[in-house]
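# Structure at a glance
Take a look at the letters that make up each chain.
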Amino acid sequence: MRVFPVQANYYQQFDADFDLDVPGEGYGGWKKAIVNLSLDHTAVVVMHAWDCGTREQYPGWYRAVEYIPRADETCHLKLFHVVSSGEYYKKYSGYHRATQLTRNSPQPIEKVDSDPTLENLRKFRTENVFVGSHNSPDVRCGFENLDFPEAAEPVGDEGIAENSDQLFALCQADGVNHLIYAGFAINWCLLLSPGGIAEMHKRGIMCSAFRQAVTAVENKETARNETCKEIGLWRVALAYGFVFDVDDFVFGCSNHAR
């Protein structure tokens, strides 16, 4: 097996020190170690990397999703692609490869019946929680015009998956058992959307992330310091895999290639 060493970040969630006022402050916390990655069984996957247009085009979208400018900086790696619903990716050969590898389309998830009270609650949330009724037209228009950002446009037959079944089929076909995620957002789509970390983890695949190639959904209280991103990365390191610094990963790959 071809392996190459890379410096990884991991989180040591032990030992609580009950002599401290806050026992959890006794945990080891973030640490670094050299780990070996398999060149044959590791892949980079960028998930939900979108060309979101400009703030002038979709002001309402930018008002509701303040991380879009930060997300634009995460699109400079070679990768598998995980996409959301739409048509913008279906012309690429990598998507046709994924559909051909997938024997059956996933069955729609059964849902409960709605009622006027539930619909009113959903309407209230749309108007008052996210995205705001005055922003909805721009967000809807933006999603209708989604495309890959130029820096992350698929090349050749790079695999393109729109759900977990397709991504798993690509992993099986290419012998991949470790995915390193980039894209947006680490605490939202990358974690829980179809093809995301939680679903792929259930299929036995180790899921890691690049610290500098993800962003997060932040709130008013966390946006200044990007606290939700730090918590999202901690969750990945604790439950699913490792957190890699892009420069360390590139350095490890480059040394292997020499």
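Residues numbered from 1 in each chain as written. Predicted model: local features only at pLDDT ≥ 70, side-chain atom pairs only at ≥ 80, totals over all residues. Heavy atoms only, no water.

## Considering the overall build of the chain
Looking only at helices and strands, the chain features ten helices and eight strands. Of all 258 residues assigned to the chain, the portion counted as buried reaches 44%. Sequence-distant contacts, at least 24 apart, represent 77% of the contacts inside the chain between residues at least 6 apart. For the chain, the exposed area adds up to about 14,800 Å²; of that, 51% sits on carbon and sulfur atoms. (Helix = DSSP H or I, 4+ residues; strand = E, 2+ residues; numbered from the N terminus. Buried < 20%, exposed > 50% of the residue type's maximum accessible area, 1.4 Å probe, protein only. Contact = heavy atoms within 4.5 Å. Areas by Shrake-Rupley, 256 points an atom, 1.4 Å probe, with all protein chains shown as cover.)

## Focus on the environment of Val-139
The residue Val-139 is located in helix α5 (residues 136-144) in this model. Accessibility expressed as a relative area gives 12% for Val-139, which makes it buried.

## Considerations on the nonpolar core
Membership of the largest hydrophobic core comes to 30 residues, with the highest contact counts inside it found for Phe-80, Leu-167, Leu-179, Tyr-181, Ile-186 and Ile-197. For this core, the element with the most residues is helix α9 (residues 227-239), which contributes four residues. Membership of the second largest hydrophobic core comes to 14 residues, among which are Phe-4, Val-44, Ile-180 and Ala-213. (Core = buried A, V, L, I, M, F, W, Y, C linked by side-chain atoms within 4.5 Å.)

## Some points on unusual backbone geometry
Following Phe-130, the chain continues into Val-131 via a peptide bond in cis, with omega recorded as 15°. Counting through the fold element by element, Val-131 comes out in the loop between α4 (116-128) and α5. For the bond from Phe-184 to Ala-185, the omega torsion is 5°, close enough to zero to count as cis. The residue Ala-185 is located in the loop between β6 (178-184) and α7 (189-192) in this model. One non-glycine residue, Glu-226, lies in positive phi territory at about 50°. By relative accessible area, which is 25% here, Glu-226 ends up partly exposed.

## As for α4
Between its first and last C-alpha, α4 extends 18 Å over 13 residues, near the 18 Å set by a 1.5 Å rise per residue. The buried fraction of α4 is low, at zero of 13 residues. (Expected span 1.5 Å × (residues − 1).)

## What to know about the side chain of Ser-136
Secondary-structure assignment places Ser-136 in helix α5. On the basis of relative accessible area, Ser-136 is assigned to the buried category, the value being 17%. Ignoring any residue separated from it by four or fewer positions in sequence, one finds Ser-136 in contact with Thr-126 and Val-131.

## Here's the deal with the pattern of salt bridges
For side chains bearing opposite charge, pairing can occur when the charged atoms are close. Under the definition given, this model contains nine salt bridges. Residue Glu-127 pairs with Lys-123 through a salt bridge whose shortest N-O separation is 2.6 Å. Within this pair, Glu-127 and its partner Lys-123 are both found in helix α4, separated by four residues, close to a single helical turn. Under the relative-accessibility criterion, Glu-127 is labelled partly exposed at 36%. (Salt bridge = Lys/Arg side-chain N within 4 Å of Asp/Glu carboxyl O.)

## Points about α9
With 13 residues, α9 extends 18 Å between its outermost C-alpha atoms, agreeing within 8% with the 18 Å of an ideal straight helix rising 1.5 Å per residue. All buried positions along α9 are accounted for by Cys-228, Lys-229, Gly-232, Leu-233, Val-236 and Ala-237. Buried residues belonging to α9 abut β1 (3-12), β2 (29-38), α8 (197-202), β7 (206-215) and β8 (243-244).

## Thoughts on the packing of aromatic side chains
This model, assessed by the stated rule, comprises ten aromatic pairs. Their ring planes at 70° and their centres at 6.1 Å tell us that Phe-4 and Phe-249 sit as a pair that is edge-to-face. Separated by 245 residues along the polypeptide, Phe-4 in strand β1 and Phe-249 in helix α10 (residues 246-257) bring together distant segments of the chain. Take Phe-4: its relative accessible area is 3%, and that puts it in the buried class. With a centroid separation of 5.2 Å and an interplanar angle of 65°, the aromatic rings of Tyr-88 and Phe-148 are classed as edge-to-face. With Tyr-88 in the loop between β4 (80-82) and α3 (93-101) and Phe-148 in the loop between α5 and β5 (160-161), the pair connects residues that are 60 residues apart, well separated along the chain. Each member of the pair, Tyr-88 together with Phe-148, is buried. One aromatic cluster is present, formed by Phe-4, Phe-210, Phe-242, Phe-244 and Phe-249 through successive ring pairs. (Phe/Tyr/Trp six-rings, centres within 6.5 Å; stacked < 30°, edge-to-face > 60°.)

Don't take any of this as a statement about function, it's just geometry.
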